[in-house]
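Structural description and commentary
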Amino acid sequence: MELLVFGHAGTPFLVFPTSMGRFFDYEDRGMISLLADKYEHGQLQAFCVDSVDSESWYNKSVHPRDRVLRHMQYESYLLNEVLPLIRGRNQAPLGVTGCSFGGYHSANFAFRHPELVSHMVSISGAFNIKQFLDGYYDENCYFNCPADFLPGVNDPAILDKIRRMRIILASGEHDICVAENRRLSAILSERQIPHWLDIWGDGAQHEWPVWEGQTRKFL
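Reference entry: report on the structure contained in this document. (Residues numbered from 1 in each chain as written. Predicted model: local features only at pLDDT ≥ 70, side-chain atom pairs only at ≥ 80, totals over all residues. Heavy atoms only, no water.)

Time to look at the overall build of the protein chain. Helix and strand counts for the protein chain stand at nine helices and seven strands. By the compact-globule yardstick of 17 Å for 219 residues, the protein chain fits well, its C-alpha radius of gyration being 16 Å. Across its three principal directions, the C-alpha atoms of the protein chain cover 45 × 35 × 35 Å. Burial analysis of the protein chain (219 residues in total) assigns 51% to the buried set. Taking the intrachain contacts of the protein chain between residues at least 6 apart in sequence as the baseline, contacts between residues at least 24 apart amount to 76%. (Helix = DSSP H or I, 4+ residues; strand = E, 2+ residues; numbered from the N terminus. Rg over C-alpha atoms; globule rule 2.2 N^0.38 Å. Buried < 20%, exposed > 50% of the residue type's maximum accessible area, 1.4 Å probe, protein only. Contact = heavy atoms within 4.5 Å.)

Next up, the structure:
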């Protein structure tokens, strides 16, 4: 797996690609040039990672149990290889972000590891991974589905860490994932977890031009 780094200082963001995306997609889609001034002047730094979605959630050729296990291996790579690299270059509080399925990865990683993440910007995320499991569901699946495991988090120390995060859920009024964003927002509200649910109007859909505007607003 490969990784691209943009910027030399500022707030570091771990950037997840869209569904089955690659580490270069964020740059190719113009998301780096969109905030070029912030990268050039030491306000923002991006660490764009590869995905293994085609080997995990989207891999219909293997049993769903193996799909989630492959995802767990991916998480181990992030924790044991990517994060040390980030910390070797930047000790500032860590953010995570991504669009579409990258929004899922951002939210899932942040809520699973709130001790590591200070702010999360999920753009048009889809948070229910049951659609990839063909009816199968085990403990690993449960703990990688934020809409399921968040209601069951009762440890005050963990909840306190989550409540200290800056949490953004951005979507559009006609986005295919808007219902999931509203649902996750309701769960966060029930748990008294501060967050900002930002639903764009004017016919906003699940598409890059909308994500560009939301990225400009929140990063």
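What follows is about the side chain of Asp 53. Take Asp 53: it is sitting in the loop between β3 (44-49) and α3 (64-89). At 9.8 Å, Arg 70 is the nearest oppositely charged side chain to Asp 53, a buried residue that forms no salt bridge. A distance of 2.9 Å separates a polar atom in the side chain of Asp 53 from the backbone nitrogen of Met 20. Here the side chain of Asp 53 touches His 105 through a polar contact of 2.9 Å, side chain to side chain. (Lys, Arg positive; Asp, Glu negative; His and termini not counted. Salt bridge = Lys/Arg side-chain N within 4 Å of Asp/Glu carboxyl O. Polar contact = N/O pair within 3.5 Å; in protein donor to acceptor, adjacent residues only side chain to side chain.)

Reading across the sheet, the seven strands line up as β1-β3-β2-β4-β5-β6-β7 and stay open at both edges, with mixed pairing between neighbours. Looking at strand neighbours, the two that pair on one side only are β1 (3-6) and β7 (196-200), the edges of this open sheet. Looking at each pair of strands side by side, their axes are set apart by 15° on average, direction ignored. Here strand β5 (residues 119-123) runs beside strand β6 (residues 166-172); their pairing, made up of five bridges, is parallel. Each residue of the ladder has a partner; that of His 119, found in β6, is Arg 166. In this fold helix α8 (residues 178-190) packs onto β6 and β7, with an angle of close to 150° to the strand it touches most, β6. With respect to the sheet, helix α9 (residues 208-218) is in contact with β4 (95-99), β5, β6 and β7, its orientation differing from that of β7 by roughly 145°. (Pairing = 2+ DSSP bridges. Axes fitted to C-alpha atoms, helices over the stretch in contact; angles between N-to-C directions.)

With 33 residues, the main nonpolar core has Leu 14 and Phe 111 as its most contacted residues. Counting residues per element, the ones that place at least two in this core are β2 (11-16), β3, α3, α4 (101-112), α6 (146-149), α7 (156-164), β6 and α8. In terms of residue count, α3 provides more of this core than any other element does, six residues in total. Not counting the four nearest positions on each side in its chain, Leu 14 is found in contact with Phe 47, Val 49, Val 82, Ile 86, Leu 94, Gly 95, Val 96, Thr 97 and Phe 109. If you look at the next biggest cluster of nonpolar residues, it comprises 22 residues, including Ile 32, Tyr 39, Leu 44 and Ala 46. (Core = buried A, V, L, I, M, F, W, Y, C linked by side-chain atoms within 4.5 Å.)

It is worth spelling out the packing of aromatic side chains at this point. Aromatic ring pairs are described here by two measures, namely the spacing of the ring centres and the angle between the planes. On inspection of all chains with the given rule, the structure shows 13 aromatic pairs. On the numbers, 4.8 Å between centres and 85° between planes, the contact of Tyr 142 with Phe 143 is edge-to-face. Residue classification places Phe 143 among the partly exposed positions, given a relative accessible area of 38%. We note Lys 130 situated over the ring of Tyr 137; from NZ or CZ to the ring centre the distance is 5.2 Å. (Phe/Tyr/Trp six-rings, centres within 6.5 Å; stacked < 30°, edge-to-face > 60°. Lys NZ or Arg CZ within 6 Å of the ring centre and 35° of its normal.)

A word on the pattern of salt bridges. By the definition in use, this model includes ten salt bridges. Note that Asp 148 and Lys 130 form a salt bridge whose closest N and O atoms lie 3.2 Å from each other. Of the two residues, Asp 148 sits in helix α6 while Lys 130 sits in the loop between β5 and α5 (139-142), which places them 18 residues apart along the sequence. Salt bridges here are not isolated pairs; linked through shared partners, they connect Lys 60, Arg 67 and Asp 134.

What follows is about the packing of α3 against α4. For the pair α3 and α4, interaxial distance at closest approach is 13 Å and the crossing angle is 70°. For the element pair α3 / α4, the angle class is roughly perpendicular. Touching His 71, Met 72, Tyr 74, Glu 75, Leu 78, Leu 79 and Leu 83 of α3 are Tyr 104, His 105, Asn 108, Phe 109 and Arg 112, all from α4. Looking at side-chain class alone, the contact of α3 with α4 contains seven nonpolar, three polar and two charged residues. (Parallel < 35°, antiparallel > 145°, perpendicular 65-115°, else oblique. Nonpolar A, V, L, I, M, F, W, Y, C, P; charged D, E, K, R; others polar.)

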